[in-house]
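# Structural features, examined
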Amino acid sequence: MTDSNKVLEIIKQISEQIQMEKDFLTELDNVIGDGDHGINMARGFKEVEKKLADFSGKDIGSILKAVGMTLVSTVGGASGPLYGTAFMKAGAAVGAKNEMDGGDFLNAMDAAIEGIKMRGKAHEGEKTMLDALIPAYNAIKKTYEENNDFKAAISQGVEAAEKGVEYTKTIIATKGRASYLGERSIGHQDPGATSSCLMLKVIQRSL
Amino acid sequence: MVGIVIVSHSEKLAQGVAELAGMMASEAPVVAAGGLDDGTLGTSFEKITKAVDSVYSDDGVLILMDMGSAVMTAEMVLESMPDRKIKMVDCPLVEGAVVAAIGSSSNQNMEEIIEAAQESASEKKL
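All residue numbers refer to position in the chain's written sequence, counted from 1. Labels follow written order: the first chain is A, the first ligand is 1, and so on. Per-residue local features of the predicted model are confined to residues with pLDDT of at least 70, and side-chain atom pairs are confined, for both listing and counting, to 80 or more; whole-chain, interface and lining totals are unaffected and use all residues.

## Details of the UniProt feature "domain: DhaL" (unreviewed entry) in chain A
Let me state the cut-off plainly: UniProt positions are given in the numbering used here, feature names are shortened, and annotations may be inferred rather than shown by experiment. Comment: elements are numbered from the N terminus, with helices defined as DSSP H or I runs of at least four residues and strands as E runs of at least two.
According to UniProt, the feature "domain: DhaL" (unreviewed entry) maps to residues 5-205 of chain A in the numbering used here. The annotated region residues 5-205 of chain A carries 75% helix and 1% strand content, and the separation between its end C-alpha atoms amounts to 16 Å.

## A few points about unusual backbone geometry
Outside of glycine, negative phi angles account for most residues, and trans bonds account for most peptide bonds. Going by this rule: In this scheme the burial state of a residue depends on its C-beta neighbours within 10 Å: 20 or more other such atoms mean buried, 12 or fewer mean exposed, and anything in between means partly exposed; the C-beta positions come from the backbone.
The backbone of K127 of chain A shows a phi angle near 65°, a positive value even though the residue is not glycine. Mapped onto the elements of the fold, K127 of chain A is located in the loop between α6 (102-120) and α7 (130-147). K127 of chain A gets classed as buried once you count the C-beta atoms within 10 Å, which come to 27. Despite not being glycine, N107 of chain B shows a phi value in the positive range, around 60°. Among the structural elements, N107 of chain B can be located in the loop between α4 (93-105) and α5 (110-119). You can call N107 of chain B exposed: it has 11 C-beta atoms within 10 Å.

## Description of the sheet that holds strand β1 (residues 3-8) of chain B
Residues and elements named next belong to chain B. As a reminder of what qualifies: At least two bridges found by DSSP between two strands is the condition for calling them paired. Here an angle of 0 to 180 degrees is reported between the N-to-C directions of two axes, which are lines fitted to C-alpha atoms, with helices fitted over the stretch in contact. By definition, residue pairs are in contact when their C-beta atoms, positioned from the backbone, come within 7 Å.
Sheet architecture is open: 4 strands sit in the order β2-β1-β3-β4, paired in parallel fashion. On the outer flanks of this sheet lie β2 (30-34) and β4 (86-89), each paired with one strand and no other. Taken over all neighbouring pairs, the strand axes of this sheet differ in orientation by 25° on average, direction set aside. Bridging between strand β3 (residues 61-65) and β4 involves 4 bridges; their strand directions are parallel. Note on β4: the bridge partner recorded for L62 is K87. Against the sheet, α4 touches β1, β2, β3 and β4, its axis set at about 165° to β1. Against the sheet, α5 touches β3 and β4, its axis set at about 10° to β4.

This is the structure we're talking about:
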């Protein structure tokens, strides 16, 4: 079980990790995008971090929704509406709970993925964050359903997300700014898939 | 008159498009919502929201945008105002804005303007 305070702590850690990886994410985006992913994510999560104190005492659904709204308002690039929608949908899926278990996490992650698909009109295999998130979700679900051990499940999820990030190197981008580059996008990993993987790693580490 | 909001990653581009549209139809309520608050490249939920507010009337508002996050952020602004008459238009930004401004200043309704702006996509330059 993870309670509201733990969720706040994980979000803070995600923010810290994003600030640390800011230049790396921007570098990746410089090659195949518009070079703002790290800067934008760092700006958005910095604002989230400032608001964390206001979120304390709230239920998990409200916290995730507030994180999403903050990202929408402050990121400034495509990851704003995409991660913003993901967190808002995850929050709506968890609802007014003060504790969540592995099943709640899976529901939230499923809603987040559906939100990203809807907002980005995107599918798996287009060199986007979905190429990390969908295999991760499937791995977490499979392991959790088999042995009810969330720690083991999230580890499998991170492994699948890392493979997903590697996979994005092999394919042509057909969504987002990188799609204008066509074949030139091959050989480079997707910045969105990379930041998604990073978030899952933080969750794994914190449990 | 239908309000028109120009959304772009670039503050200058949005302002330029609004300026160009205003040249043909100075009475049309056209407003730019480009870039982030600090003037850097990006799209701002707040800026778009304020721009919609500033030209909103019962005649409604049309949003014209460039690409990527401009489309997605505009979409989220729309979702945050479910009771309002607002639509996004899928058209070339410059040509569509000029056509839309002319339509608005000649008191066309939202549907008529959308149709005309979308048609601008198939007009050949050469």
